[in-house]
Amino acid sequence: MSDVEAADCKARIKQLLAEKNAVLVAHYYTDSFLQALAEETGGLVSDSLEMARFGRDSDATTLVVAGVRFMGETACILSPDKTVLMPTLDATCSLDVACPADEFGAFCDAHPDHIVVVYANTSAAVKARADWVVTSSIAVEVVEHLAAQGKKIIWAPDRHLGSYIQSRTGADMLLWNGACIVHEEFKAKGLQDLRAVYPNAAVLAHPESPASVLAIADVIGSTTQIIRAAMQLPQSHFIVATDKGIFYKLQQMAPDKTFIIAPTAGKDATCRSCAHCPWMAMNSPQRLLESLETGSNRVSVPRAISERAMVPLQRMLDFASGKRLKATGRA
Ligand code: 13P
Ligand code: SF4
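Residues numbered from 1 in each chain as written. Chains lettered and ligands numbered in written order. Predicted model: local features only at pLDDT ≥ 70, side-chain atom pairs only at ≥ 80, totals over all residues. Heavy atoms only, no water.

## Details of the site of ligand 2
For ligand 2, the full set of nearby residues is Tyr29, Val68, Cys93, Ser94, Leu95, Asn121, Cys180, Val182, Glu208, Cys277 and Trp279. More than half of the atoms belonging to ligand 2 lie within 2 Å of the grid points that define the largest cavity. Taken together, the residues of the shell around ligand 2 break down into eight nonpolar, two polar and one charged. (Near = heavy atom within 4 Å. 1 Å grid on protein atoms, 1.4 Å probe; cavity = no way out; pocket = protein on both sides within 12 Å on 5 of 7 lines; lining within 4 Å. Sits in = over half its atoms within 2 Å of the grid points. Nonpolar A, V, L, I, M, F, W, Y, C, P; charged D, E, K, R; others polar.)

## Examining the packing of aromatic side chains
Counted by the stated rule, this structure contains six aromatic pairs. Consider the rings of Phe104 and Trp176, whose centres lie 5.4 Å apart with planes at 85 degrees: the pair is edge-to-face. One end of the pair, Phe104, is in helix 6 (residues 101-110); the other, Trp176, is in the loop between strand 8 (173-175) and helix 10 (188-197), with 72 residues separating them in the sequence. Taking the centre distance of 5.8 Å and the plane angle of 85 degrees together, the rings of Trp132 and Phe319 count as edge-to-face. Of this pair, Trp132 sits in strand 6 (residues 132-134) while Phe319 sits in helix 15 (residues 303-327); the two residues are 187 residues apart in sequence, bridging distant segments of the chain. Take Trp132: its relative accessible area is 9%, and that puts it in the buried class. For Phe319, a relative accessible area of 18% corresponds to the buried category. The ring centre of Phe33 lies 5.6 Å from the NZ or CZ of Lys10, which sits over that ring. (Phe/Tyr/Trp six-rings, centres within 6.5 Å; stacked < 30°, edge-to-face > 60°. Helix = DSSP H or I, 4+ residues; strand = E, 2+ residues; numbered from the N terminus. Buried < 20%, exposed > 50% of the residue type's maximum accessible area, 1.4 Å probe, protein only. Lys NZ or Arg CZ within 6 Å of the ring centre and 35° of its normal.)

## Topic: the pairing of strand 11 (residues 237-241)
Along strand 11, four of the five residues are buried, which leaves the element largely enclosed by surrounding structure. Pairing geometry for strand 9 (residues 202-205) and strand 11, over four bridges, is parallel. Pairing of Ala202 across the sheet is with Phe238, part of strand 11. Where strand 11 meets strand 12 (residues 258-261), four bridges bridge the pair, whose relative direction is parallel. Looking across to strand 12, one finds that Phe238 is bridged to Phe259. For the crossover that starts at strand 11, traverses helix 13 (residues 247-253) and ends in the parallel strand 12, the hand is right-handed. (Pairing = 2+ DSSP bridges. Right-handed = clockwise from strand over helix to strand, strands pointing away.)

Written out as structure tokens, the structure is:
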């Protein structure tokens, strides 16, 4: 898009958001144009947990979710009376794809003595089969809480995040074999080499990365936790092992610091994602505009699934607000 086209597109989206009492909720991995637009129009740019919470609590009657489909579905489940639109309904996630609801249901049936904890990056149907839903910002605490009660856990779908949670909590966990195609490509050897070039840099990594990469990281956390670490740590340089869409917010929140993307494929190799989620990249400004203009790409979740999926989602949100109240000393 030329600058003039971009300005036109932005003005039109702003106008339609206002006319339709709609709010834009964007993930950190989406295009910086959409992140800026969400901020300028009273929407939100955040991680998947905050996106869910913000959409539910918003007074808007339409939620426009820029992210991947599970984020739109979660908004739909938590806000059944709101219209939920997405720039595209084709933006999936390799974790969601790796965990078909029927296969997962059979796996759960085969282990009836296990409590079922699933990552938010799953379909509504998989969530409907779960006892708990968690995002990466709260997964360790929830599993710690369950392990303290002596529960055995089925974890799906991300095996790297699952092993990380297991290593932190010591919980008895059966892991589903899914992976994020973006984070799985970060390479420990390349990271070590880069660290040698920037010996004073801190390494920040998302827990969907392989264990060999997490072993080198100074901070392991969700997208929001990575941003917080960059703001709070004294280092001036950071090597970041997560989707490079997050650099927009990192630079905004810590403008004096330097961010370097962690290496993905080895020398001369081609990578499948190169530190950018191909599905997040499908959220273009033009698609967003078209969805607002025509009401296309409306997300829907069958009522029976939605009602069942609401239970583990609500459990997560209640757990998260309990944690927040404790942290602020109000309960
Ligand atoms: P967050 O929950 O940290 O936003 O991560 C979502 C995601 O898709 C990571 O790849
Ligand atoms: Fe899924 Fe990975 Fe894309 Fe996140 S970055 S949406 S986990 S494929």
